[in-house]
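Examination of the molecular architecture
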Amino acid sequence: MLSSALLIARRMKKICASSWRVSGVQLRDSRIVQAELIGARTERGVARVEEHTMNNEAAAVLRARSNLINKLPRAHEAGFDSGRAGGPSVCFAGTRVAILNMIKAWMENEDAAIPRVFWLNGLAGIGKSTIARTVAEFAQQRGILGGSFFFVRGDNALSQSRLVFPTLAFQLAQKDIALKSAIGKALEEDADYGHRAAPIQVEKLIIEPLGTLDRSEKLLIFVLDALDECGNGRGAAEILRLLLAHAYRVPFRFRVLITSRPEHHIRSVFSQEPSHARFILHDIEASVVRHDIQLFVHYELVDIPKQLQVRASLDWPRKADIDALVERSGKLFIYAATAIRFIGNTTVRNPQKQIDILLGARHTTKTKPYEDLDLLYLQVLRSALPSDLTDDDDIDRFHWVIGSVVLLRDPLSMDALACFTRFETEEVVNALYHLHSIILTPSAMDEAPVVYHPSFPDFITDPQRCTDSTFTITISIHEQRLTLRCLELIEAVLKRDIAEIKNPSLLNSEVGFFNDKVNKAMPAHVQYACRYWASHLMRVSLGDEAVMAQLNKFASVSMMWWFEAMSLLGATTLAVSCMRDAHRWVADSNGPQDLVTLLYDAYRFIVSHQTVINSSALHVYHTALPFTPHDTALYKTYEKETRDSVRVLQGMPRHWSPCLGTMHGRGDAAKAIAFSPDGLRVAVGLEGNGNIATLWEAQTVTHILTFYGHSGTLRSVAFSPDSSRLATGSDDHTVRVWDTVSGVSVTTFEGHTSPVLSVHYMLDGLRLVSGSSDCTVRVWDTISCTNSLKIQADCVIHSVTSFAGGSRIVSGQDDGRVQVFDSQSGARVATFEGHTEPVLSVAVESENDRSTIRIASGSEDCTIRVWNSSSGACVATLEGHKSEVSSVTFGPLYLGSGSSDATVRLWPKHSLSSTGAITLRGHPTRVNGVAFSPDGSRIASSSDDSTWKLWDAESVASDQTTDWHAEWATSYAMSQDTSWLATGGNDGLVKLWDASTGDLIKDLIGHRAGICSLAFSNDGARLASGSYDGTVRVWGAESGDCLMTLKGHTEYVTNMSFCDSGTQLFSRTDHHTYTWDLVGRALVGREDNQHPLAEPPYPGMVGQSGGDWFWFGQGRFLYMSTPFGGHVRIALVVEEYRLTGFGVQGDRVVFICAGGQVLLMDISRPKLFFSTL
């Protein structure tokens, strides 16, 4: 309709434009005037249609974006006004006036220099949450509240750091249509921003959308209460760092109010970031607090008889009682609030009796801040469980229920808590019945009981505070009970395909009604057991026999089902931590060696396969288990679970390799790598894909953060000594310093005129050294952000480091020399000569390891030299690498090196010599960087193949002998009866394998260069191999003897085939096809190629077996075609295999790899399984 209306309007305009001119006067025909009027009305109609259409389109866009926002993961009860049971109330009228006015003045101050973050800290129970609630409500009424997050310790949603920024983003979107559109637009780019690392969340969902509101007069505030109750210290610190780093980027008045206890991890962050305001709540004068508490107590006591509908005495409440309660409260509002709930007990309905009980308890002299509060809690407990009316069963139920409420990592509903504790729901209700002043018990059984204040768990688990042993919850004992119950639930409930997905080809995201199926199969208490058994285990006394026995049963029976369950719960990263912790607990307990081994296998299993397990639960059995080394205890224990899966006949090491995992660096080449000094993270510098640096969690090997900003390849990365900053050097001639929590670029140092090849932090963290191809070394002051020293060298500086507390700088140079400079004056102190080619890398041994510091240098001359820093003498020359040494680094036990020969070598420090080095293979191309974790237990390496690898230093000395090619595997062929498999590599070897078992039969030796093509005769008796040496050799398959060598090709052979009778061989190069008489051993024909080889119907690595097509495709899965154009995923080929070729014949699939591996799989079982699905 719109297009027709526009057409009419245009025509009417054209009519109206026509006119007659008489004597210079423009006259109009009445018909034209009429048409003009019609046209005007049509134009207005069209405009309205256009406006209506545009409004509809805008509304449709906004609805689509709103839908994306509604799908953000979030804590639904995080807001101050969520109505959450047990949530804080607002300040009582007339109380906290001074601090509230101070905060309001800070919020409304228009001075641009005013700190944007305000930290209100104080002891537990002093009233921080009440103030936060009051401020949030005030801001809401003023229309300036952007969002609020009230943390609750132990609540899975309200203690999760990963939910904070998506929750705030969701709340922001509800406040402003423009913000909703901006946040929705970000989610159009990536709907998973809500699941990304916190720095990405805050950047994309908070800061960038706020940046679209360019209104200087606008005021917006976030309120975050009880940050110390965030699930873990690292998460809280990360949130804090991100807010402090990003708050000043918002282009208008932006405020963040944070309340917390003064915990160490929070104080340490604030101490490093001076740009904030703070107020210590417990420093308020006692008289001010006393006045506020007195107002509150008086008002509440007056109201209690009305609430209970009982008659009060004329003098209620007595002034003496009020004064006594106020005195005992001290500065703790939680005492007053708890006392009021106790006095107003709806069961007793006798407030004077209750207050007499409280005030009858012994009063303290308050030598400790919580003594009166502790007495109050004890009195409440004794009233709930009087000794003369309580038996052992009552006490046991109390400990089991209250201990669970206090110690569970995530609250369970009343029904779920009953299932978990094996009580009837009514028994759980009874256990909590008289504790309403401490624990809020819901009336709905699908809601969870909530402890009013975290001071109660602190009290009841501390025998020094809870002095009545009847009530004390001994942590180690109760954690043991919780651990056993979790493991019992796992054993009793879990099974294979518990959610009845049935089709293992499906990813979790493709399963219909996925969440419904998971929740039906695993009720809340079972999900809890799966998530948190290891967390409870870590607080159990070492060596506990009952736990050890149950853990042994779990590891040997239920562990694969548990991995499946963790995938269904989206918790595979947590599974990595669980396995690491369980293995550590058993090992530290000197537990059974077979259990230690099995749990170590489980840790390696989940680290190696967490990507595929996270994406598809059933690929625990269809990918992860088949690709587990077959001689491990784990594979032998669970081999039965591979009944429908591929069988890996060749390509898996018999035992775990030292490589813990291979991660794609997200670029074209991983040029640099570094371990953080705290051992928690790994940084990788990349070439291509925006020239980024990436940050990874070292234990779980998960991507955390990406640093964007350089316009050239990153050549070097280095952490500051406190791990809070990352320096990067780039081909764009700059050095950048980044905050490792927020990902924000803190400083950009400019001055170099050529690529920066190396960066290094000095020991004090205040100075940064860089070396460049502009032949200079520069020292940068990280405080003043200035270039404090420039050292002019004679040639390109490839590498820099320092020693002697930063007073000496070491450089590796293009002229083959290693030079030492004074870091203050820039004077040359020493020169070490010996290399014959450029020095690409230098490293200094830890100054704690030896009295005499050693310097290592790696060179293009393929050697490593080790120098005495004092005398300048070369104390060792290490030979072994076949190509240039690109990286050297010292660890606690080894000197590590990386080379263009694609290997990492580890040289034992105690006896540095060319013999005895350990060689790590796996990268198919140049190794650019090597780094040790601070404790030496892990080694990281980066490569031009765009990957980085994490190695287990404790297992590098194990036997790594394999039957694979020593270099790139380049070609393969399989006999028609699938009895033989032949492979060729750049090492010049042809390997002959038994295709039924995967065993190596023999190596065929003779070619002087790499193999480029292979072919079997139809009867499988002979094998032809073409080489880059220009020859074709024909071998006897049974004997392995070379029957003949065919010479005459002018190019290397790309394809070969035997004739049906086997008397002729056809070899094809890029331009010609040759015909060979194998009887006469002569060339009988050469023709120009007229047509290219036929292309398969599927792109990429494709093969056909019978009527089925197989291909290696998206997500690194092996796919199989199904009737009517469908396909299924058979298995995922893990990242460690860098594939170069692929083929299918019969029930055999073969992959050849850049690392020399030959991967041979039997696919008969999945073919049968999927044909019957």
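Now for a quick tour of the structure. (Residues numbered from 1 in each chain as written. Predicted model: local features only at pLDDT ≥ 70, side-chain atom pairs only at ≥ 80, totals over all residues. Heavy atoms only, no water.)

1. Some points on the pairing of strand E31 (residues 874–879)
Counted only if it meets this: Paired strands are those between which DSSP finds at least two bridges. Strands are runs of DSSP state E lasting at least 2 residues, helices are runs of H or I lasting at least 4, and numbering of each runs from the N terminus.
Here strand E30 (residues 863–868) pairs with E31 via five bridges, running antiparallel. Within E31, the residue paired with Thr863 across the bridge is Glu879. Following E30, the chain reverses through five residues before pairing antiparallel with E31; Gly872 in that reversal takes a positive phi of roughly 80 degrees.

2. Topic: a negative patch on the surface
Test applied: Nonpolar side chains (Val, Leu, Ile, Met, Phe, Trp, Tyr) within 5 Å and like charges within 9 Å form the patches, drawn only from residues with over 30% relative accessible area and no salt bridge. For the area figures, the Shrake-Rupley method with a 1.4 Å probe applies, and any residue is considered shielded solely by the protein chains shown. Only one rule defines a salt bridge in this text: a Lys or Arg side-chain nitrogen within 4 Å of an Asp or Glu carboxyl oxygen. Think of it this way: Lys and Arg go in the positive column, Asp and Glu in the negative one, and His and the chain ends go nowhere. Taken as the charge centre is NZ of Lys, CZ of Arg, CG of Asp or CD of Glu, depending on the residue. Residue exposure (1.4 Å probe, protein chains only): buried if accessible area is under 20% of the type maximum, exposed if over 50%, otherwise partly exposed.
Negative charge collects at one region of the surface, where Glu77, Asp415, Asp446 and Glu447 lie side by side. As for its placement among the helices and strands, Glu447 is situated in the loop between strand E8 (439–440) and strand E9 (450–451). A relative accessible area of 40% means that Glu447 is categorised as partly exposed.

3. A short note on the nonpolar core
Stated formally: Among buried residues, those of type Ala, Val, Leu, Ile, Met, Phe, Trp, Tyr and Cys that are joined through side-chain atoms within 4.5 Å constitute a nonpolar core. Only heavy atoms enter the contact rule, under which two residues are in contact if any of them lie within 4.5 Å.
By size, the foremost hydrophobic cluster in this structure holds 175 residues, and its most contacted members are Phe456, Met522, Trp533, Met559 and Trp562. Among the elements that make up this core, the one with the highest residue count is helix H22 (residues 545–568) (13 residues). Those residues within four positions of Phe456 in sequence are excluded, and the remaining contacts are Tyr377, Leu381, Ile402, Val406, Ile438, Ile439 and Val451. By size, the runner-up hydrophobic cluster in this structure holds 54 residues, among which are Trp119, Leu220, Ala247 and Val250.

4. Re the pairing of strand E18 (residues 734–739)
Burial runs high along E18: six of the six residues are buried. Sheet topology note: the strand E17 (residues 725–730)/E18 ladder contains five bridges and is antiparallel. Across the sheet, the residue bridging to Thr728 is Arg736, located in E18. In the sheet, E18 pairs with strand E19 (residues 745–750) via five bridges, with the strands oriented antiparallel. Bridged to Val737 within E19 is Thr747.

5. Some thoughts on the side chain of Arg261
Under the convention used in this document: Under the rule applied, a polar contact is a pair of N or O atoms within 3.5 Å (in protein, one hydrogen donor and one hydrogen acceptor; residues adjacent in sequence only if both atoms are side-chain atoms).
Take Arg261: it is sitting in the loop between strand E6 (253–260) and helix H9 (264–272). A distance of 3.1 Å separates the side chain of Arg261 from the side chain of Asp458, its partner in a polar contact. Those residues in contact with Arg261, other than ones at most four positions away along the chain, are Trp119, Gly122, Ala124, Lys128, Arg153, Asp228, Ile266, Pro454, Ser455 and Asp458.

6. Quick look at the pattern of salt bridges
Scanning all chains against the criterion turns up 44 salt bridges. Ionic pairing is found between Asp581 and Arg584, a salt bridge with its closest N-O pair at 3.5 Å. Taken together, the residues Asp581 and Arg584, both in helix H23 (residues 572–588) and three residues apart, mark about one turn of the helix. The shortest N-O distance in the salt bridge between Arg817 and Asp815 comes to 2.8 Å. One network of salt bridges, with partners in common, ties together Arg153, Asp228, Arg261 and Asp458.

7. A closer look at the sheet that holds strand E47 (residues 1055–1058)
Paired through backbone hydrogen bonds, the strands of a sheet run either parallel or antiparallel to each other. Stated precisely, the cut-off is as follows: To define axes, lines are fitted to C-alpha atoms, for helices over the stretch in contact only, and angles between the resulting N-to-C directions are given on a 0 to 180 degree scale.
Pairing is antiparallel across the open sheet formed by four strands, whose spatial order is E47-E48-E49-E50. Each end of this open sheet is capped by a strand with a single partner; those strands are E47 and strand E50 (1082–1088). Mean inter-strand twist for the sheet, computed between neighbouring axes without regard to direction, equals 20 degrees. Looking at chain direction, E47 and strand E48 (residues 1064–1068) are connected through four bridges and run antiparallel. From the neighbouring strand, Ser1057 faces E48, where its bridge partner is Phe1066.

8. Considerations on the packing of helix H3 (residues 97–108) against helix H4 (residues 128–142)
The condition that has to hold: By definition in this entry, angles of less than 35 degrees are roughly parallel, angles greater than 145 are roughly antiparallel, angles of 65 to 115 are roughly perpendicular, and the rest are oblique. Each helix crossing is assigned a hand: it is left-handed if the near helix lies turned anticlockwise from the far helix by less than a right angle, otherwise right-handed if that turn is clockwise. Gly counts as polar in this scheme, as do all residues outside two lists: the nonpolar Ala, Val, Leu, Ile, Met, Phe, Trp, Tyr, Cys and Pro, and the charged Asp, Glu, Lys and Arg.
Axis separation between H3 and H4 bottoms out at 11 Å; the angle between their running directions is 45 degrees. By the angle between their directions, the pair H3 and H4 is classed as oblique. As for the relative orientation of H3 and H4, their crossing is right-handed in sense. Every residue of H4 that contacts H3 at Ile99, Leu100, Ile103, Lys104, Met107 and Glu108 is listed here: Ile131, Thr134, Val135, Phe138, Ala139 and Arg142. Of the residues in the contact of H3 with H4, the class split is eight nonpolar, one polar and three charged.

9. Observations concerning the packing of aromatic side chains
Here is the rule: Stacked, edge-to-face and tilted labels apply to pairs of Phe, Tyr and Trp rings (six-membered ring for Trp) whose centres lie within 6.5 Å, assigned for plane angles under 30 degrees, over 60, and everything in between, in that order. As a reminder, the over-ring test applies to NZ of lysine and CZ of arginine, requiring each to be within 6 Å of the ring centre and within 35 degrees of the ring normal.
Under the counting rule described, the total for this entry stands at 30 aromatic pairs. Note on Tyr377 and Phe459: the rings are 5.3 Å apart at their centroids and 35 degrees apart in plane angle, and the pair reads as tilted. Within this pair, whereas Tyr377 is found in helix H14 (residues 371–384), its partner Phe459 is found in helix H18 (residues 455–460), the two being separated by 82 residues in sequence. Given a relative accessible area of 1%, Tyr377 falls into the buried group. With centroids separated by 4.9 Å and ring planes inclined at 55 degrees, the aromatic side chains of Trp533 and Phe554 adopt a geometry described as tilted. Of this pair, Trp533 sits in helix H21 (residues 524–537) while Phe554 is found in helix H22, placing the two residues 21 residues apart along the sequence. For Trp533, a relative accessible area of 0% puts it in the buried group. Taking relative accessible area as the criterion, Phe554 reaches 2% and is therefore assigned buried. Grouped by ring-pair contacts, the aromatic residues Trp533, Phe554, Trp562, Phe563 and Phe605 constitute a single cluster. Taking NZ or CZ as reference, Arg481 lies 4.3 Å from the ring centre of Trp400, over its face. The ring centre of Tyr621 lies 4.2 Å from the NZ or CZ of Arg496, which sits over that ring.

10. Topic: the sheet that holds strand E22 (residues 776–781)
The four strands lie next to each other as E20-E21-E22-E23, forming an open sheet whose pairing is antiparallel. The outermost strands of the open sheet, each flanked by one partner alone, are strand E20 (756–761) and strand E23 (786–792). The average undirected angle you get between the axes of adjacent strands in this sheet is 20 degrees. Note: E22 against E23, six bridges, orientation antiparallel. Residue pairing in the sheet places Thr776 in a bridge with Gln792 of E23.

11. A closer look at helix H24 (residues 593–615)
As a reminder, the rule being used: One less than the residue count of a helix, multiplied by 1.5 Å, gives the span that helix is expected to have. The bend at a residue is defined as the angle formed between two axes, one fitted to the seven residues ending at that residue and one fitted to the seven starting there.
Across its 23 residues, H24 extends 32 Å between first and last C-alpha, which sits within 8% of the 33 Å expected from 1.5 Å per residue. The sharpest bend along H24 reaches about 75 degrees and sits at His609.

12. Some remarks on the side chain of Arg84
As for its position among the elements, Arg84 is in the loop between helix H2 (30–70) and H3. Excluding its chain neighbours within four sequence positions, the residues that come into contact with Arg84 are Glu77, Val152, Leu158 and Val450.

13. Notes on the environment of Asp155
In this fold, Asp155 is placed in the loop between strand E4 (145–150) and helix H5 (164–175). Asp155 sits 746 residues away from Asp901 along the chain, and the two C-alpha atoms are 52 Å apart. Here Ala157 takes part through its backbone nitrogen, which lies 3.0 Å from a polar atom of the side chain of Asp155.

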